[in-house]
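Topology and contacts: notes
Each chain is listed here by its residues.
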Amino acid sequence: MRFDNQTAIVTGAASGMGRATARLMAERGAAVVINDVNEKGLATVADEIRDAGGQVLAIPGSIGDRAFVAEATAQAVHDFGRVDMLFNVAGYAAYGPAESYDVWDEMVGVNMSGTYYFCREVARQSMIPNRKGAIVNVSSLSGLVAHPNDIGYIAAKHGVVGITKSLAVEWARHNIRVNCICPGFTMTGIFEAVTKEEPDRFALRARKTPLGRGADPREQATVMAFLASDEASYVTGVIMPVDGGNMALSSGWFPPEVHPANG
Ligand SMILES: NC(=O)c1ccc[n+]([C@@H]2O[C@H](COP(=O)([O-])OP(=O)(O)OC[C@H]3O[C@@H](n4cnc5c(N)ncnc54)[C@H](O)[C@@H]3O)[C@@H](O)[C@H]2O)c1
C-alpha cells in the first residue's frame, strides 16, 4: 500500500498514534504535514521522518484555534500543492465528576471542534476543488459507550462520530471519503507510564480485552492507512472499533479459563 505523490496532514503527531501514523505514511511514500501543540516533540518526529528519507513539514499549533487551522492548511497547500489525506489524531482527556466538570469548553473545543475545523479547511482549500480526499478521524470507545467521570471526553468523542457520519454523507458528492476509528486501549505514552505505576489496573484492563493486551500505536496507524488508501475506495461513513475485541465483549464478562492471558 503506497502513497507516493500524495500529501497527508497528521495532527497530534508529536507522540503516540499520531507519530506512528506520520511515520508510516512517510515510509509509504506520502509527504507528511505534521501538527501538534508539543513543538519540541513535533520537531523530534520531523527529524525521525527526515532521517528515514521522508518528506515532512512541521506546523506546531492548536487544532482548537480555528484561525490557526486555516493558516496551517493554507501552508500545506502552498508547499505541497494539495492535501489528499487528513488524519485527525490530536486529542486529550481530562477527568472529573459531571456535577463539577469545569473544563468542558477546552475539552469539546479541541477534541470535537478541532477535528471539524481541520475537516472543513482541507475540504474547502483542497479536497473539494480537487474532487479527491480521504479523511480519518480518531474517536474512541468513549465515542460509542460511556464510563463515569469523563463527560467532556465522552461527549466530544461521540461528537467526532457524528462529524464523521455527517461529512461522509454530505461530501460523497465531492469524492471525499470520511471514516473514523475508535481505538481501544493503546500503549501510547500515557498508558505506558501508568502501566508501570499501576500494573494491577492495566492487568485488569488486559483481562477484559479478548486479545489480552493493549494495542501498539502502529496497529492503529495501519488501520488508518488502509481507510485512507484506494484499497478502501468504497468505504465511507464507517465507525470502526480497533479495540482487540472490547466492543464485541459488551457484557464485560470474560471467563478466565478462556482468556488468552491465561493460556
Ligand atoms: N491511547 C489510547 O488508549 C486511546 C484510546 C482511545 C482514543 N484515543 C485517542 O487517540 C488519539 C491519540 O492519542 P494517543 O493515545 O496517541 O495520545 P498521545 O497523548 O500520545 O497523543 C496525542 C497528541 O495530541 C496532541 N494534542 C493535544 N492537544 C492538542 C491540540 N490542541 N492541538 C494539537 N495537538 C494536540 C498532544 O500533544 C499529543 O502529542 C487521541 O485523540 C485520543 O483521544 C487514545
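Residues numbered from 1 in each chain as written. Predicted model: local features only at pLDDT ≥ 70, side-chain atom pairs only at ≥ 80, totals over all residues. Heavy atoms only, no water.

1. Quick word on the side chain of threonine 186
Turning to its location among the elements, threonine 186 is positioned in the loop between strand S6 (176-183) and helix H6 (189-197). A polar contact is formed between the side chain of threonine 186 and the backbone oxygen of glycine 184, at a distance of 2.8 Å. Only 3.1 Å separates the side chain of threonine 186 from the side chain of glutamine 220, close enough to count as a polar contact. Once residues within four sequence positions are removed from consideration, threonine 186 is found in contact with Met17, Phe191, Ala215, Asp216, Pro217 and Gln220. (Helix = DSSP H or I, 4+ residues; strand = E, 2+ residues; numbered from the N terminus. Polar contact = N/O pair within 3.5 Å; in protein donor to acceptor, adjacent residues only side chain to side chain. Contact = heavy atoms within 4.5 Å.)

2. Thoughts on the state of the cysteines
For the structure shown, the criterion picks out zero disulfides. The thiol of cysteine 119 is unpaired, and the distance to the nearest cysteine sulfur, on cysteine 180, comes to 9.9 Å. This cysteine, cysteine 180, is not joined by any disulfide, and cysteine 182 carries the nearest cysteine sulfur, 4.4 Å off. Its relative accessible area of 0% is what places cysteine 180 among the buried residues. (Disulfide = S-S within 2.5 Å. Buried < 20%, exposed > 50% of the residue type's maximum accessible area, 1.4 Å probe, protein only.)

3. Quick look at unusual backbone geometry
The phi dihedral of asparagine 149 falls on the positive side, at around 65°, and the residue is not glycine. Even without glycine at this site, asparagine 175 takes up a positive phi of about 65°. With respect to the helices and strands, the residue asparagine 175 is situated in the loop between helix H5 (151-171) and S6.

4. Quick word on the sheet that holds strand S5 (residues 133-138)
Spatially, S3-S2-S1-S4-S5-S6-S7 is the arrangement adopted by the seven strands of the open sheet, whose pairing is parallel. What marks the edges here is a single partner per strand, and that holds for strand S3 (55-60) and strand S7 (239-242). Adjacent strand axes in the sheet meet at a mean angle of 20°, parallel and antiparallel pairs treated alike. Examined bridge by bridge, S5 and S6 share six bridges and lie parallel to one another. Bridging from a neighbouring strand, alanine 134 pairs with arginine 177 of S6. Packing against the sheet, helix H3 (residues 66-80) makes contact with strand S1 (7-11), strand S2 (31-36) and S3, and its axis sits at approximately 160° to S3. (Pairing = 2+ DSSP bridges. Axes fitted to C-alpha atoms, helices over the stretch in contact; angles between N-to-C directions.)

5. Quick word on the site of the ligand
Around the ligand sit 27 residues in total, of which Ser15, Met17, Asp36, Val89 and Tyr153 are the nearest. A distance of 3.0 Å separates a nitrogen atom of the ligand from a polar atom in the side chain of serine 62. Threonine 186 places a polar main-chain atom, nitrogen or oxygen, 2.9 Å from an oxygen atom of the ligand. Protein chains shield 89% of the accessible area of the ligand, which is 820 Å² for the free molecule. The set of elements that each furnish at least two residues to the shell around the ligand consists of helix H1 (16-27), S2, H5 and H6. Grouping the constituent residues of the shell around the ligand by class yields 13 nonpolar, 12 polar and two charged. (Near = heavy atom within 4 Å. Areas by Shrake-Rupley, 256 points an atom, 1.4 Å probe, with all protein chains shown as cover. Nonpolar A, V, L, I, M, F, W, Y, C, P; charged D, E, K, R; others polar.)

6. Topic: the packing of helix H4 (residues 104-130) against H5
Where H4 contacts H5, the axes come no closer than 7 Å and their chain directions differ by 20°. Judged on the interaxial angle alone, H5 and H4 are roughly parallel. As for how H4 packs across H5, the hand of that crossing is right-handed. The residues of H5 that touch H4, namely those facing Trp104, Met107, Val108, Asn111, Met112, Thr115, Tyr116, Cys119, Arg120, Ala123 and Ile128, are Ile151, Gly152, Tyr153, Ala155, Ala156, Lys157, Gly159, Val160, Ile163, Leu167 and Trp171. When grouped by side-chain class, the residues that make up the contact of H4 with H5 number 16 nonpolar, four polar and two charged. (Parallel < 35°, antiparallel > 145°, perpendicular 65-115°, else oblique. Left-handed = near helix turned anticlockwise from the far one by under 90°.)

7. Quick look at H3
The end-to-end C-alpha distance of H3, which contains 15 residues, comes to 21 Å, matching closely the 21 Å that a straight helix rising 1.5 Å per residue would cover. Lining the buried residues of H3 we find S1, S2, S3 and H4. (Expected span 1.5 Å × (residues − 1).)

Interpretation note: all reported values are geometric properties and have no functional meaning in isolation.
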